[in-house]
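Structural overview
Residues per chain, in single letters:
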Amino acid sequence: MAIGELVKQHLGTVFNYCDTLDHDEIGRLLDRQYSLKTFGLSFPFCKLVDDIVPSESKRYWTNVYLVRGVRVRVTSQWTEKHRPRFLAYLAAKGLATEAEALALEASPKRKVRAVPHVSSRQNARYRGNAIGNAQNAFVRNILSRIGTESFSERDWQATKEYFEHRCAYCGVEGDLVIEHAIPINRERLGEHRLGNLIPACRSCNAKKADRDFREFLKDTPEAIMRIEAYMDSRNYVPLENSEQMSMILNMAHGEVAALADRYVAIINELYAPSPAAPEQVE
Ligand SMILES: [Zn+2]
């Protein structure tokens, strides 16, 4: 597959990652230095539609993506030399398919050590944290894909109008980002559905972090009521307090750790030094 097609095929996944898993990533993808460092691109991975001047328009594909409340176009300036770095990016963010991960390993420009030598002490230091991230990412991925509902930029504009182009938390006007009122995690069971998306200013977005909107707004009940009315208007019925859903997600969460353990065992068995191995008899 041509590199341009490969990139295009993954834009949905990459931007979904920005919307649901790492809220700061879109800011980095808009940055020229980050794009140079990460992909080797001489243009930013994507650019705000409003910032693209006519003379550079041909450097960006025409499709417009709505990511975290901003409209962007993606650079078209990809050549084959960018392929390994794009694949490495997908792999690092957990977005690569198995086939792509293999292609990356087979890539001649990239030296792949058979097994990275990690001392057991270092291993213990990183292991717990790393698998916890993978488990949570897995749960968020499931929650953000439930249902078949999709929404467009027009729907998002209507949502901003509903809140009169103000932050749904503090009421300030101005630069608004997409915010999940109920966070997407296994405790809160928020989903990536229109009814769970509200406009927020960057300051509230950062302050609220992983809290539920009702907890964050406990001193302003009228703001809570307004958001609940909005959820009703978009037919969003939160999954919270669904014991069955919690049970399923806890199972998924546990299975990721078990899966990692299984592969660690396979690899350890294959690569462990075995001085007592019997010699091959011809
Ligand atoms: Zn605010």
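Residue numbers restart at each chain and count upward from 1, following the sequence in its written direction. Per-residue local features are limited, in this predicted model, to residues with pLDDT of at least 70; the limit for side-chain atom pairs, both in listing and counting, is 80 or more; totals at the level of whole chains, interfaces and linings are taken over all residues. To get the side-chain values, all heavy atoms of the structure are used, and hydrogens and water are removed first.

Turning our attention to the overall build of the protein. Scanning the protein from N- to C-terminus turns up 11 helices and 5 strands. Relative accessibility thresholds used throughout: buried, under 20% of the residue-type maximum; exposed, over 50%; partly exposed, between the two (1.4 Å probe, protein chains only). Counting across all 282 residues of the protein, residues that qualify as buried make up 37%. Here the analysis covers contacts within the protein between residues at least 6 apart in sequence; of these, 65% occur between residues at least 24 apart. Numbering of helices and strands runs from the N terminus; a helix is a DSSP stretch of H or I covering at least four residues, while a strand is a stretch of E covering at least two. Two residues form a contact once any of their heavy atoms are found within 4.5 Å.

For this analysis, a nonpolar core means a set of buried residues of the types Ala, Val, Leu, Ile, Met, Phe, Trp, Tyr and Cys, connected via side-chain atoms within 4.5 Å. Core analysis: the largest hydrophobic core is formed by 27 residues, its most contacted members being F15, L29, F45 and W78. Contributions of two or more residues to this core are made by α1 (3-20), α2 (25-29), α3 (32-39), β3 (70-74) and α4 (83-92). The biggest single contributor to this core is α1, with 8 residues. Ignoring any residue separated from it by four or fewer positions in sequence, one finds F45 in contact with L11, V14, F15, L29, S35, F39, R73, V74, T75, W78 and F86. If you look at the next biggest cluster of nonpolar residues, it comprises 21 residues, including C167, I182, I198 and F216.

On to the pattern of salt bridges, then. Put simply, a salt bridge is a Lys or Arg side-chain nitrogen that is within 4 Å of an Asp or Glu carboxyl oxygen. Inspection of the entire model under this criterion finds 14 salt bridges. Notably, a salt bridge pairs K93 with E25, separated by 3.9 Å at the nearest N-O pair. Residue K93 is located in the loop between α4 and α5 (98-106), and its partner E25 is located in helix α2; the two are separated by 68 residues in the primary sequence. By relative accessible area, which is 23% here, K93 ends up partly exposed. The salt bridge partner of R166 is E173, with a shortest N-O separation of 3.6 Å. Look at the salt bridges and you will find they share partners, linking D22, E25, R28 and K93 into a network.

Six octahedral donors around a metal ideally make angles of 90 or 180 degrees; four tetrahedral donors ideally make 109.5 degrees. Protein coordination at the zinc ion comes from C167 (SG), C170 (SG), C201 (SG) and C204 (SG), with a distance range of 2.3 to 2.4 Å. Note that water is not among the atoms considered, so a metal site may appear incomplete; the donors listed are N, O and S atoms within 2.8 Å of the metal, with 3.2 Å applied to Na, K and Ca. In terms of primary sequence, the donors binding the zinc ion are separated according to C-x2-C-x30-C-x2-C. Of the residues examined, C167 reaches a relative accessible area of 4% and is grouped as buried. Taking relative accessible area as the criterion, C170 reaches 45% and is therefore assigned partly exposed.

Moving on, we get to helix α10 (residues 221-233). Residue pairs three or four apart in sequence face the same way in an α-helix, which turns once every 3.6 residues. Helix span, expected: 1.5 Å multiplied by one less than the number of residues in the helix. Taking 1.5 Å per residue, 13 residues should reach 18 Å; α10 reaches 18 Å between its end C-alpha atoms and fits that length. The set of residues buried in α10 consists of A223, I224, I227, Y230 and M231. Relative to the axis of α10, the buried residues are bounded by an arc of 125° and lie together on one face. Across from the buried face of α10, at angles greater than 90 degrees, the exposed residues are E222, M225 and D232. Contact partners of the buried residues in α10: α7 (153-162), β5 (197-201) and α9 (213-216). Once α10 finishes, N235 follows within two positions and takes phi at roughly 55°, a positive value. Arc definition: directions from the helix axis to the C-beta atoms.

What follows covers the packing of aromatic side chains. Here is the rule: rings of Phe, Tyr and Trp (six-membered ring for Trp) pair when centre to centre is within 6.5 Å. Planes less than 30 degrees apart are stacked, more than 60 are edge-to-face, and the remainder are tilted. Summed over all chains, the structure comprises 13 aromatic pairs. Summarising the aromatic geometry, the rings of Y162 and Y230 are spaced 5.1 Å apart at their centres and angled 65° between planes, so their arrangement reads as edge-to-face. Taken together, the positions of Y162 in helix α7 and Y230 in helix α10 put the pair 68 residues apart, joining distant regions of the chain. Judged by relative accessible area, Y162 falls into the partly exposed class, the value being 29%. Classification of Y230 by relative accessible area gives buried; the value is 0%. Linked through ring pairs, F15, F39, F45, Y65, W78, F86 and Y89 together constitute an aromatic cluster.

Strands in a sheet are paired, the pairing made by backbone hydrogen bonds, and the direction either parallel or antiparallel. In space, the 3 strands of this open sheet follow the order β1-β3-β2, with antiparallel pairing throughout. The outermost strands of the open sheet, each flanked by one partner alone, are β1 (46-48) and β2 (65-67). Here the strands of the sheet are splayed against their neighbours by 45° on average, with no regard to which way each runs. Note that β2 and β3 share 3 bridges and pair antiparallel. Each bridged residue has a counterpart across the sheet, and for Y65 the counterpart in β3 is V72. Pairing between strands is defined by DSSP: at least two bridges between them are needed. Between N-to-C directions, angles span 0 to 180 degrees; the directions come from axes that are lines fitted to C-alpha atoms, helices contributing only their stretch in contact.

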